[in-house]
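A look at the structure
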Amino acid sequence: MAKKSLFGSIQRLGEDRYRVYWTHDGARKSKVIRGTRDEAEIFLASMRTGRIPDQPWGTYYKNVVHPTFALLEPKTIEGYERTWDVELAPRIGKTMVGSTTRTFVQKTLLDIQATSVQRAALSLWRKMCYMAVGDGILGSCPINRSIKLASHVKREKHTLDVADLAWFLTRIQPIKYRRLIWLMLGGGFSLEEACAGLVEDVEPWEFNGRTYALIRINKALPTVKGKKYLKGTKNGFRKREAVLGQPFSGLLLADLPAAGPLCPSKNARMREGEWKEDAYVSPITFTHNWRAWCGDHGVDYIRPGDMRSIWSTWHGEAGSPDSLVSMAMGHSDGSTRGRNYQMNTRRGMALIADSLTALIESTWNQGSMCRNALTTHTDG
C-alpha cells in the first residue's frame, strides 16, 4: 500500500526500493527509486516543486553528483570516488547541504592529514557546492579563497646529473624496460605515454645532416583499480610528435622490435587487427619491477615521474627555450601566444633535441665513452 507523503504517495516495494507517485499537468506519474525512504521523499519533493530540496551531502552525492561522473575519464572517476568514500563521506555524509558554512568547510578539510588529499577533497567538494548553488540549495559556494589548507610540502625528487648519464645508460642496457626509460629521459614522455608507444609510431627522420627518432604521441595507458586501458590524449597539446636526438635516438632506432608495443607484456599479441590493452606492459608493473631491479643492481631508484622532471631540468641547463620545452611535454607555457598561436613544429623540436645532445656530449669526453659502451642490447 502506498503511504501518503506531503507531496504525493510512496509505495515500498522491497529493501531499499520504493515507487513514487505524483501528478504533473493532470497526469499521474510514477518512478521506482532505489534507496532509502528519505531519498524517495526527496525525489518526490523535487518532482512536485520543480527544485531539489535540502538534503544530506551523502544523498546529494549519490543521486545528483555521482551520476555526472559518467562523462569523465575513468582515472578521474577513480580519484573522485576514492576521495568521497574515504575522506568526505565519513565527515560530511550526514550533514545537510544547506547548512554548510565556510567555517565547517575549513574545519573539515584541516581534519584530513595529508596535504595532497586535503586539496583533492577541496576540489571535489567545491564542485559539489557549485552544483548545489545551481540547484538552489546553497545561496553561494562556501569554498572560496578564504579557505586555508595546511602548507603543502613537496616530496624531494630523485635526480640524475647529466654527467652520470653515460654510466646510467650502460647499467640499464640489459633491462627490458630500457626503451621506456629512453623515452622518459630523452623525450620528456610521461610513463603512461611511454607505455602506450608502438613500433609503428616511431620512424627515423633526417634533418640538417642528423638522424633523429620521430615519435607520434596520440594515446596513453592509464590504470584504474589495477586495470590498464588505452585512451586518446586528453587535449590538443598532448597529441604531438616528439623528436629524440642523440644518444637516445640512436639507441632506440637500433633496438626496435619488429612490430607492436615498444615494451610488450609477456603474452602480447594482436587481436582483431589491433594491439589491445593487454599487449602493453602496465605502468604499475613497470614501476614495481623497475624499483626492484634498481635495488638488486645497486642503481639509485628514480621514480618514473621524476624522469620527466629530469629531462626538463636538463633542458634548463642546456638553455632550451621554455616555450618549446613546454610544448614538447604536451603543455602550453601559459601565455596567450603559447595557448593560441605558437605551433609545435619538427624544426622547433629538433632545436631543443640538439641543445640537449650538446649538453650531454659536453660531459662525455667527446661522446666516445657512451658510444663505445652502448653497442649491444639484450632483454633482461
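First, a word on what this report is: a plain description of the structure on this page. Sequence positions are assigned chain by chain, starting from 1 and proceeding in written order. Totals for whole chains, interfaces and linings use every residue, but because this is a predicted model, local features are given only for residues with pLDDT of at least 70 and side-chain atom pairs only at 80 or more, for both listing and counting. Here the side-chain values reflect all heavy atoms present in the structure, with hydrogen atoms and water set aside.

Helices and strands together make up the secondary structure of the chain, namely 15 helices and eleven strands. Between buried and exposed lies partly exposed: a residue is buried under 20% and exposed over 50% of the maximum accessible area for its type, with that area taken using a 1.4 Å probe on protein chains only. Across the 380 residues in the chain, those meeting the buried criterion constitute 46%. Contact between two residues is taken to exist if any of their heavy atoms lie within 4.5 Å; hydrogens are not considered. Of all intrachain contacts in the chain linking residues separated by at least 6 positions in sequence, the fraction that spans at least 24 positions is 65%. For the chain, the accessible surface area stands at approximately 19800 Å², while carbon and sulfur atoms represent 51% of it. The secondary structure listing takes helices from DSSP runs of H or I that are at least 4 residues long and strands from runs of E that are at least 2 residues long, numbered from the N terminus. The Shrake-Rupley method, run with a 1.4 Å probe sphere, supplies the accessible areas, and residue values consider only the shown protein chains as cover.

When DSSP locates at least two bridges between a pair of strands, those strands are taken to pair. Spatially, the three strands line up as an open sheet ordered 5-6-11, and their pairing is antiparallel. Either end of the sheet is taken by a strand with one partner, and the two such strands are strand 5 (202–207) and strand 11 (240–244). With strand direction ignored, the average angle separating the axes of adjacent strands in the sheet is 35 degrees. As defined by bridge partners, strand 6 (residues 210–217) adjoins strand 11 across five bridges and the pair is classed as antiparallel. Along strand 11, the bridge assignment pairs Ile215 with Ala242. Orientation is described by axes fitted as lines to C-alpha atoms, over the contacting stretch for helices, and by angles from 0 to 180 degrees between their N-to-C directions. Most of the contacts of helix 14 (residues 346–361) go to strand 11, to which it runs at about 35 degrees, and overall it touches strand 5, strand 6 and strand 11.

In this description, a nonpolar core means a group of buried Ala, Val, Leu, Ile, Met, Phe, Trp, Tyr and Cys residues linked to one another through side-chain atoms lying within 4.5 Å. If you look at the biggest cluster of nonpolar residues, it comprises 67 residues, and the most contacted ones within it are Phe168, Trp290 and Trp314. Ranked by residue count, the leading element in this core is helix 14, at seven residues. When residues no more than four places from it in sequence are discounted, the contact partners of Phe168 are Leu160, Ile181, Leu185, Trp290, Val299 and Ile302. Counting 30 residues, the second-largest nonpolar core is a separate cluster that includes Val65, Phe69, Leu122 and Leu124.

The next point concerns helix 3 (residues 74–92). One axis fitted to the seven residues ending at a residue, another fitted to the seven starting there: the angle between these axes is the bend at that residue. Of all the bends in helix 3, the largest measures some 40 degrees and sits at Trp84. Of all the positions in helix 3, only Ile77, Tyr80, Glu81, Thr83, Trp84, Glu87, Leu88 and Ile92 are classed as buried. Considering only its buried residues, helix 3 is in contact with helix 2 (57–65), helix 4 (102–110) and helix 5 (115–134).

Now for the state of the cysteines. Working definition: a disulfide is two cysteine sulfur atoms within 2.5 Å of each other. Applying the stated rule across the entire model yields zero disulfides. For Cys129, which is in no disulfide, the shortest distance to another cysteine sulfur is to Cys141 and amounts to 4.6 Å. Overall, Cys129 belongs to the buried group, its relative accessible area being 0%. Note on Cys141: relative accessible area 14%, which makes it buried.

With that settled, consider the side chain of Ser282. Mapped onto the fold, Ser282 is located in the loop between helix 9 (248–253) and helix 10 (283–297). Residue class for Ser282 comes out buried when judged on its relative accessible area of 9%.

The next subject is the packing of aromatic side chains. Planes of paired rings set the category: under 30 degrees apart is stacked, over 60 is edge-to-face and the rest tilted, where pairs are Phe, Tyr or Trp rings (Trp by its six-membered ring) whose centres lie within 6.5 Å. Per the counting criterion, the structure on display carries twelve aromatic pairs. Taking 5.9 Å as the distance between ring centres and 90 degrees as the angle between the ring planes, the aromatic pair formed by Phe104 and Trp125 counts as edge-to-face. Pair noted here: Phe104 is in helix 4 and Trp125 is in helix 5, with a separation of 21 residues, a long-range link. Judged by relative accessible area, Trp125 falls into the buried class, the value being 0%. Ring-pair connections join several aromatic residues into one group, and the members of that group are Phe168, Tyr177, Phe286, Trp290 and Trp293.

Further remarks concern the environment of Met96. Its location among the elements puts Met96 in the loop between helix 3 and helix 4. In this structure Met96 comes out as partly exposed when scored by relative accessible area, which is 33%. Considering only alpha carbons, one finds Met96 and Gly58, 38 residues apart in sequence, at a separation of 8.8 Å.

Right, let's get into the pattern of salt bridges. Take a side-chain nitrogen of Lys or Arg and a carboxyl oxygen of Asp or Glu: if they are within 4 Å of each other, that pair is a salt bridge. Scanning all chains against the criterion turns up 14 salt bridges. In this structure, the salt-bridge partner of Glu274 is Lys276, at a minimum N-O distance of 3.0 Å. With relative accessibility at 44%, the residue Glu274 sits in the partly exposed group. Ionic contacts of the salt-bridge type, sharing partners, join the residues Arg82, Glu87, Arg91 and Asp111 into one network.

With respect to the secondary-structure elements, Leu160 resides in the loop between helix 5 and helix 6 (165–171). Distance from Leu160 to Trp314, taken between C-alpha atoms, is 9.4 Å for residues 154 residues apart in sequence. Among residues more than four places away in sequence, those in contact with Leu160 are Leu165, Phe168, Leu185, Ile302, Ile310 and Trp314.

Between the first and last residue of a helix there are one fewer steps than residues, each counted as 1.5 Å, and that sum is the expected span. Look at helix 14: 22 Å from first C-alpha to last across 16 residues, which is about the 22 Å you get at 1.5 Å a residue. By the burial criterion, the buried members of helix 14 are Gly348, Met349, Ala350, Ile352, Ala353, Ser355, Leu356, Thr357, Leu359 and Ile360.

It is worth spelling out the packing of helix 4 against helix 5 at this point. Running from N to C, helix 4 and helix 5 cross one another at 145 degrees; their axes reach a closest spacing of 9 Å. Relative to helix 5, the crossing made by helix 4 is right-handed. Contacts between helix 4 and helix 5 pair Phe104, Val105, Thr108, Leu109 and Leu110 from the former with Gln118, Ala121, Leu122 and Trp125 from the latter. Should the near helix be turned counterclockwise from the far one by less than a right angle, the crossing is left-handed, whereas a clockwise turn marks it as right-handed.

Let us now look at the side chain of Thr357. With respect to the helices and strands, Thr357 occurs in helix 14. Here a polar contact is taken to be a pair of N or O atoms separated by no more than 3.5 Å, where protein atoms must pair a possible hydrogen donor with a possible acceptor and residues adjacent in sequence count only if both atoms sit in side chains. Looking at Thr357, its side chain comes within polar contact range of the main-chain oxygen of Gln246, at 2.7 Å. When near neighbours in sequence (up to four residues on either side) are disregarded, Thr357 contacts Gly245 and Gln246.

Everything listed is a geometric property; what it means functionally is a separate question.
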